[in-house]
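Observations on the three-dimensional arrangement
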Amino acid sequence: MSSDWILALNPPGPPQERAEPACSAVTLAIATALLGPGPVAWAVQVAREMTAEIIERVPEHGGGPAPYATLRASVESTVLLALRGLLQDVQPPAGAASQEAVAGGAEFARRGIPLDRVLRGIRIGHARLHQALVAATDMLPEPGRRAESHRVSDLLFTYADAHASLLAEEYLAERARWEAGRETDRRRTLGDLLSGKPVGAAAASAALGYELARHHQAFVVVADDRHVTAADLQRCAEDLSRALTADGWLALPHTDRQVWAWAGWRAEPPAGPTDQARRLWPPPGICVGAGPVAFGPEGLRRSHLGAGEAVRIASATGTARWCGHQEARTLSLATADDEQARWYAEDVLGALLARDDRTRQIRQTLRVYLACERSPQAAAETLHIARNTVTYRVHKAEEILGHPIGDPLELQLALEIAQMLDGQPNPGQ
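First, a word on what this report is: a plain description of the structure on this page. (Residues numbered from 1 in each chain as written. Predicted model: local features only at pLDDT ≥ 70, side-chain atom pairs only at ≥ 80, totals over all residues. Heavy atoms only, no water.)

1. Notes on the overall build of the protein
Spelled out, the test is: Helix and strand definitions follow DSSP, with helices as H or I runs of at least four residues and strands as E runs of at least two, each counted in order from the N terminus. With C-alpha atoms as the basis for the radius of gyration, the globule rule is written as 2.2 Å multiplied by the number of residues raised to the power 0.38. Relative accessible area decides the class of each residue, using a 1.4 Å probe on protein chains only: under 20% of the type maximum gives buried, over 50% gives exposed, and in between gives partly exposed.
Regarding its fold elements, the protein presents 16 helices and six strands. The globule rule puts the C-alpha radius of gyration for 429 residues at 22 Å, and the 36 Å found for the protein is more than 25% above it. Viewed in the frame of its principal axes, the protein has a C-alpha envelope of about 115 × 40 × 35 Å. The buried share of the protein, taken over its 429 residues, is 44%.

Next up, the structure:
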């Protein structure tokens, strides 16, 4: 039995009630030239029914007139391609998908419809088309009706399989392109915000997927051990996001050694959110700097710069794996200019700034002694040394300075600067 029965296909009802085609004029012209107007009208009608069933059973494909039109054009062109293959009894050629179907697959990827739902829609459509074609072959006379029914089933399955494979490839490729473009857009927008360029808040929020019209606290998560991986940094940032009762969260890898993140609140947090996150205490090899809470696009920038400075101070002093901006802001300001900071420490400390181990030990003891409000006992407990040792070293510091300790403000600041200088190469060597 020949496949000429396909040329006799016609939708029920008068021509004036037939659905308007959804696919392109080129696709329709090619199909009409081979199949004729009746089978094309049949394909348009069946495709409309397939589209309705797909949306009913896979709601992600719906969402308004535009998504509906995209899906219907994809389904309709696929039905026409299958009819042409069945008529000519040919296996699907390489790239067996219409332009409408390929465009539809790309659109599904951009809309974020999961691939398994896209493939489920293809299976539902295939089943509905198979049902319609089998119903048509059931009207054929014997002998040969059963053989034609089997041929249709086998060939249609081959077309559906080729169609699903090609659309899956296109979906994944488009998803990768779209994600890369979206990531580029996010980084460009964030770069403009952090450099202080004027950026529309609404457009920037949309690009980042993070609302800017709220209170922000920035975190800079840094690997300070070569064994720490980018995945370790990302996990640390994710743990921070879970620890904070924030309305939004944005995290972007800056390098493979650093992650930038922001927590956002619509209402100003009643207490410092840093206290909640601090309880996590970063794992070994990771340092976290926290910025101040600040509002709006400028607040996002201000908090990030504060977090970066907190990391700088924590890294330079080697004092902690966690550093908040409030703890670091005085030293941050004092050391913003390295040369000026060094001169200041030299002026205040004089010979007490020497880099030998004995002087460094005396300097560190004096620093802790002043931080403990001049309590030898508290300083001894902090340093795990004897009380008399603290007293002796403080007296030696006064001898080196050449005067007793008076107002400790300048001295304390100079000692903190010296603490940072201890971690830097000696310019005299």
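2. Regarding the nonpolar core
If you look at soluble globular proteins, the nonpolar side chains tend to sit buried side by side. So the rule is basically this: For the purposes of this section, nonpolar cores are sets of buried Ala, Val, Leu, Ile, Met, Phe, Trp, Tyr and Cys residues that join through side-chain atoms within 4.5 Å.
L129 and L133 are the most contacted members of the largest nonpolar core, which has 40 residues in total. Residue assignment for this core shows that the elements contributing at least two residues are α1 (25-35), α2 (37-57), α3 (65-88), α4 (99-110), α5 (115-137) and α6 (145-194). Top element by residues in this core is α3. It accounts for nine residues. Membership of the second largest hydrophobic core comes to 32 residues, among which are A314, C323, Y369 and A379.

3. Side note on the packing of helix α11 (residues 325-334) against helix α16 (residues 408-422)
As a reminder, the rule being used: As a rule, the C-alpha atoms of each element are fitted with a line to give its axis, helices using only the stretch in contact, and angles between N-to-C directions run from 0 to 180 degrees. Roughly parallel here means an angle under 35 degrees, roughly antiparallel means over 145, roughly perpendicular means 65 to 115, and every remaining angle is called oblique. Note on definitions: a residue-residue contact is assigned when non-hydrogen atoms from the two residues lie within 4.5 Å. Residue type decides the class: Asp, Glu, Lys and Arg count as charged, Ala, Val, Leu, Ile, Met, Phe, Trp, Tyr, Cys and Pro as nonpolar, and the leftover types, Gly among them, as polar.
Two numbers describe how α11 lies on α16: the axes approach to 10 Å, and their chain directions differ by 85°. Our classification of the angle between α11 and α16 gives roughly perpendicular. On α16, the residues touching T330, L331 and A334 of α11 are L413, E416, I417 and M420. Among the residues forming the contact of α11 with α16, the class breakdown is five nonpolar, one polar and one charged.

4. Brief notes about the state of the cysteines
Linking two cysteines covalently via their sulfur atoms produces the bond known as a disulfide. Selection rule: The disulfide criterion used throughout: a pair of cysteine sulfur atoms within 2.5 Å.
Tallying each qualifying case throughout the model produces zero disulfides. With no disulfide of its own, C287 lies 7.1 Å from the sulfur of C323, the closest cysteine sulfur. With relative accessibility at 5%, the residue C287 sits in the buried group.

5. Examining unusual backbone geometry
Here the phi dihedral of D89 falls at roughly 55°; this positive angle occurs in a residue that is not glycine. By the element assignment, D89 lies in the loop between α3 and α4. Judged by relative accessible area, which is 46%, D89 ranks as partly exposed. One non-glycine residue, R374, lies in positive phi territory at about 60°. Given a relative accessible area of 36%, R374 falls into the partly exposed group.

That is the geometry; function is a separate question.
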